[in-house]
There are 2 protein chains.
Amino acid sequence: MTERVSGASVTLLDVARAAGVSLATASRALNGSTRKVRPDLQERVLAAADALHYSANAQAQAMARGRTDIVGLIVSDVGDPYFSTIAAGAIRAAEQHRLVVTIACTFGREDRELDYVAALRSQRARAVIVAGSRVQDKALIERLGAEVRSFEQSGGRVAFISQRRIEADTVVLENRAGARALAEELCGLGHRRFAVLAGRPDLLTARDRSTGFREAATRAGARIEPSDIVHGGFTRDGGYAAMIELLDRGTDATCVFAVNDVMAVGAMAALRDRGVSLPSGMAVAGFDDIITLRDVSPALTTVRLPLEELGVWALDMVLQEPADQPRVRRVRGEVVLRESTPKLT
Amino acid sequence: MTERVSGASVTLLDVARAAGVSLATASRALNGSTRKVRPDLQERVLAAADALHYSANAQAQAMARGRTDIVGLIVSDVGDPYFSTIAAGAIRAAEQHRLVVTIACTFGREDRELDYVAALRSQRARAVIVAGSRVQDKALIERLGAEVRSFEQSGGRVAFISQRRIEADTVVLENRAGARALAEELCGLGHRRFAVLAGRPDLLTARDRSTGFREAATRAGARIEPSDIVHGGFTRDGGYAAMIELLDRGTDATCVFAVNDVMAVGAMAALRDRGVSLPSGMAVAGFDDIITLRDVSPALTTVRLPLEELGVWALDMVLQEPADQPRVRRVRGEVVLRESTPKLT
DNA sequence: CTGAAAGCGCTTACAG
DNA sequence: CTGAAAGCGCTTACAG
């Protein structure tokens, strides 16, 4: 048992000496294209590394090689199942390529995306994936675009998941079309008066869903009163509060569309708390098809998005060489009708 | 507009030259203890850095400084709300200390924790937090312990969230006590025959909860038939399958305890699919109090764990200097009775 | 307060 | 196939 000072690390040089070879050979034996070092030396190096419990300094390797194995993922909140599912997909895919993913959360302060991209550039991350919704803010988009360009200029790759507002590869979510399809199905069920819990008005994702829904509903001859559109947080509590607000205002809607599932669940809770029975007293629909929420009762009608795949696809994009034109992969949601929106009789 | 070769980066030396100072001064002006460089030089450096859009190479800094700002978080699956909530807490806390968190998922293969800790040692991460349950596997614990010691020896800090099986700081979850308390409350409601959806038998977390529940229930005079204990996955689908299995076996239990909330929700779905009405036909209880699941109906009785705080606390631990004795912070769950377990009349 | 220089731990042309 | 040496981009004693 040899004592070792805490904090002292075994270096490649130690390994080389122990194996009686040069630094270069030790390096090649451990990480180089194997076929170029004599088998016996190779073995000695491996044995020495093992005996010394050597662990290569990834920072030093990164610097010498000029690249890292880091890919950054920027989300609003990993605690939100929408993002944690995307993250799971990205991480799963990353691991197959021996990449490490770093997660940053803006917690709703979208301007922090700027800082995070900058930090990732400083880390010399291989790539960054920005998963949150773009916001309605020209100046902010402008600045983020500049930051993204800097990142790319230093050799990194960038992909977005949401809207195509910045010149970069992006997995475009067809929120508007999805919401439209949902509205049509709901009208098909007999509904003619809807309310919309629209979420944060500056978030494009919320906005697109709300707009799409209203377009299609109106076109199908349904009515949506201005007072039946309630804005608020894009969260469970936001959905709850918005539903309460709607009830307080008074509404004759027979179906309420919350722009995402967690809001829809919040709305259901509010309805229950106010003694409205579900789904007979009010039909409810959401968007996303969050897995953890598949078992709420009544089962929630929604627009399914392949969340885990979104993470995988974004990672795949970012692993490809940049194309002349930024790539776009469009993803259409699929309407899933369930118990929360029964046929109106 | 100056053309710049893609991949080429502005270095500190470029900044120093542009500002007409030495490398050392540039470094100090940018990151050193500010007070030691003449204001006018400082300003020139800052201006130059800005003009060149300089971004310090974090890898190089880390190497020169001998430490990084990375803390690794190892979980089973970020897609699971239990872990994503813990992760959110850890990330939030890390950001306050300008630390970056890296997330690794074992996806149920606990032996991968070994690889991840090793990788984190290679990254020279400042610390690692292991959040998943320990497993019943002496050899594995032994090896992980060795890996942890190596990590600490190279100057890193380690904390666990779950059971205290390894010599390191840990946030200990009092699963057994929590499950006991739950069983007592349930008996207080009049139940005398229970079933337990016990999850993976090798996961200590699942085991402790199941054991604690059975102990207290039995002590209180309740009965749990061997056939009423069903093992399976520690997941939603595991809960669903276990409940179906239980129903197929036939049971006269009036209340079923699933060792975590997602399993409980799966069980509820199974009950519904089999036409059992809730909660009158079968009472259901879970464990964790997952926020996203707070709105299921009937509202789920459970044992609340301060999940987000667990992440915060673990991060705090890992930021402290190592103590002579590893620190232990015990966390007791709090029973929350809700609609899913009405009083038995 | 400032600068020249050594050093952090690797990788990789470049000779041999 | 192997090794000596330069270089990756910083930080930080050490002189001045």
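Residues numbered from 1 in each chain as written. Chains lettered and ligands numbered in written order. Predicted model: local features only at pLDDT ≥ 70, side-chain atom pairs only at ≥ 80, totals over all residues. Heavy atoms only, no water.

Here we look at the overall build of chain A
From N to C terminus, chain A includes 12 helices and 12 strands. Its C-alpha atoms give chain A principal-axis dimensions of about 85 × 45 × 35 Å. Relative to its 345 residues, chain A shows a buried fraction of 55%. Pairs at least 24 residues apart make up 75% of the contacts formed inside chain A by residues separated by at least 6 positions. Accessible surface computed for chain A: about 14800 Å², of which carbon and sulfur atoms make up 48%. (Helix = DSSP H or I, 4+ residues; strand = E, 2+ residues; numbered from the N terminus. Buried < 20%, exposed > 50% of the residue type's maximum accessible area, 1.4 Å probe, protein only. Contact = heavy atoms within 4.5 Å. Areas by Shrake-Rupley, 256 points an atom, 1.4 Å probe, with all protein chains shown as cover.)

Quick word on helix α10 (residues 236–249) of chain B
Given 3.6 residues per turn, any residue in an α-helix points the same way as the ones three and four places further on. All names here are of chain B. Over its 14 residues, α10 runs 20 Å from end to end, which matches the ideal 20 Å to within 8%, given 1.5 Å per residue. Along α10, the residues classified as buried are G238, G239, A242, M243, I244 and L246. For α10, the secondary structure elements touched by its buried residues are β6 (194–199), β7 (229–231), β8 (255–258) and α11 (261–273). (Expected span 1.5 Å × (residues − 1).)

A closer look at the protein's contact with DNA strand D
Taken together, 26 residues lie near DNA strand D, and T25, R28 and L41 of chain A together with L12 and S27 of chain B sit nearest. What you see for DNA strand D is that sugar and phosphate hold 67% of its atoms within 4 Å of the protein. For DNA strand D, a phosphate oxygen lies 2.9 Å from a polar atom in the side chain of Q61 of chain B. Of all elements in the fold, only α2 (23–31) and α4 (58–65) of chain A together with α2 (23–31) and α4 (58–65) of chain B reach the threshold of two or more residues within the surface near DNA strand D. In terms of residues, the surface near DNA strand D owes the most to one element, α4 of chain B, which gives five residues. Residues belonging to the surface near DNA strand D are distributed by class as follows: 12 nonpolar, eight polar and six charged. (Near = heavy atom within 4 Å. Polar contact = N/O pair within 3.5 Å; in protein donor to acceptor, adjacent residues only side chain to side chain. Nonpolar A, V, L, I, M, F, W, Y, C, P; charged D, E, K, R; others polar.)

Re the environment of C255 of chain A
Residue and element names in this part refer to chain A. With respect to the helices, strands and loops of the structure, C255 is situated in strand β8 (residues 255–258). Judged by its relative accessible area of 0%, C255 is buried. Along the chain, C255 and A118 lie 137 residues apart, while their C-alpha atoms are 44 Å from each other. Those residues in contact with C255 that lie beyond four places of it in its chain are L186, H191, R193, F194, A195, M282, A283 and T341.

A short note on the packing of aromatic side chains
All names here are of chain A. Taken as a whole and assessed by the stated rule, the structure comprises six aromatic pairs over all chains. Judged by centre distance (4.8 Å) and plane angle (85°), the ring pair of Y82 and F83 falls under edge-to-face. With a centroid separation of 5.1 Å and 90° between ring planes, the pair formed by F194 and F213 is classed as edge-to-face. Highlighted residues: F194 in strand β6 (residues 194–199) and F213 in helix α9 (residues 204–219), separated in sequence by 19 residues. Like F194, the residue F213 is buried in the burial classification. Following the ring pairs from residue to residue traces out a cluster consisting of F194, F213 and F257. (Phe/Tyr/Trp six-rings, centres within 6.5 Å; stacked < 30°, edge-to-face > 60°.)

Quick notes on the domain arrangement of chain A
Domain annotation of chain A identifies domain 1 (12–56), domain 2 (68–173 + 308–331) and domain 3 (175–304). Taking only C-alpha atoms, the centre of domain 1 of chain A and the centre of domain 2 of chain A are 37 Å apart. (Domains from an automatic or database assignment.)

Describing the relation of the copies chain A and chain B
Take chain A, turn it by 180°, move it 0.0 Å along the axis, and it overlays chain B with an RMSD of 0.0 Å. Put plainly, the chains are arranged around a two-fold axis. Relative to the rotation axis, the C-alpha of T102 of chain A is the closest in chain A, positioned 2.1 Å from it. Counting the interface residues of chain A, we find that 100% of their copies in chain B are interface residues as well, pointing to one common contact surface. (Least-squares fit on C-alpha atoms with pLDDT ≥ 70 in both.)

Thoughts on the nonpolar core
Counting 204 residues, the largest nonpolar core has I103, L197 and F213 of chain A together with I103, L197 and F213 of chain B as the members making the most contacts within it. In this view, F213 of chain A contacts A179, R180, L182, A183, L186, F194, V196, I224 and F257 of chain A; residues no more than four positions away in its chain are not counted. (Core = buried A, V, L, I, M, F, W, Y, C linked by side-chain atoms within 4.5 Å.)

Notes on the interface of chain A and chain B
One widely used convention gives an interface's size as the accessible area the parts lose upon coming together. At the interface, 58 residues of chain A touch 58 residues of chain B. Buried surface at the junction of chain A and chain B, both sides included, amounts to about 4600 Å², of which 49% is carbon and sulfur. Area buried by chain A at its contact with chain B is led by Q59, R124 and D295 of chain A, which between them contribute 15% of it. In this assembly, chain A and chain B are joined by four salt bridges. Between R236 of chain B and D295 of chain A there is a salt bridge, with the nearest N and O atoms lying 2.6 Å from each other. Here the side of chain A that touches chain B gets seven residues from one element, more than from any other, and that element is helix α5 (residues 81–96) of chain A. Residues of the side of chain A that touches chain B, tallied by class, amount to 26 nonpolar, 20 polar and 12 charged. (Buried area = accessible area lost by both parts, 1.4 Å probe. Salt bridge = Lys/Arg side-chain N within 4 Å of Asp/Glu carboxyl O.)

Points about the pairing of β8 of chain A
Residues and elements named next belong to chain A. Here β8 shows a buried face lined by C255 and F257 and a second buried face lined by V256 and A258. Where β6 meets β8, four bridges bridge the pair, whose relative direction is parallel. Counted as the bridge partner of L197 is A258 from β8. Sheet topology places β8 next to strand β9 (residues 283–285); three bridges connect them, and they run parallel. By the bridge assignment for β9, F257 is matched with A285. The parallel pair β8 and β9, bridged by helix α11 (residues 261–273), forms a crossover whose chirality is right-handed. (Pairing = 2+ DSSP bridges. Right-handed = clockwise from strand over helix to strand, strands pointing away.)

Focus: the pattern of salt bridges
Residues and elements named next belong to chain A. Applying the stated criterion to the full structure yields 48 salt bridges over all chains. Note that R38 is salt-bridged to D40, the shortest N-O span being 3.0 Å. Judged by relative accessible area, R38 falls into the exposed class, the value being 52%. Residue classification places D40 among the partly exposed positions, given a relative accessible area of 36%. Salt bridges sharing partners connect three or more residues here, namely D289, R294, R304 and R338.

Some words on the protein's contact with DNA strand C
The local shell around DNA strand C holds 26 residues, among which L12 and S27 of chain A together with T25, R28 and L41 of chain B are the closest. Sugar and phosphate atoms represent 67% of those atoms of DNA strand C found within 4 Å of the protein. Contact distances for DNA strand C include 2.7 Å between a phosphate oxygen and a side-chain N or O atom of Y54 of chain A. Within the side chain of T25 of chain B, a nitrogen or oxygen atom sits 2.6 Å from a phosphate oxygen of DNA strand C. Of all the secondary-structure elements, those providing two or more residues to the surface near DNA strand C are α2 and α4 of chain A together with α2 and α4 of chain B. It is α4 of chain A that provides the largest number of residues to the surface near DNA strand C, a total of five residues. Looking at the surface near DNA strand C residue by residue, the class counts come to 12 nonpolar, eight polar and six charged.

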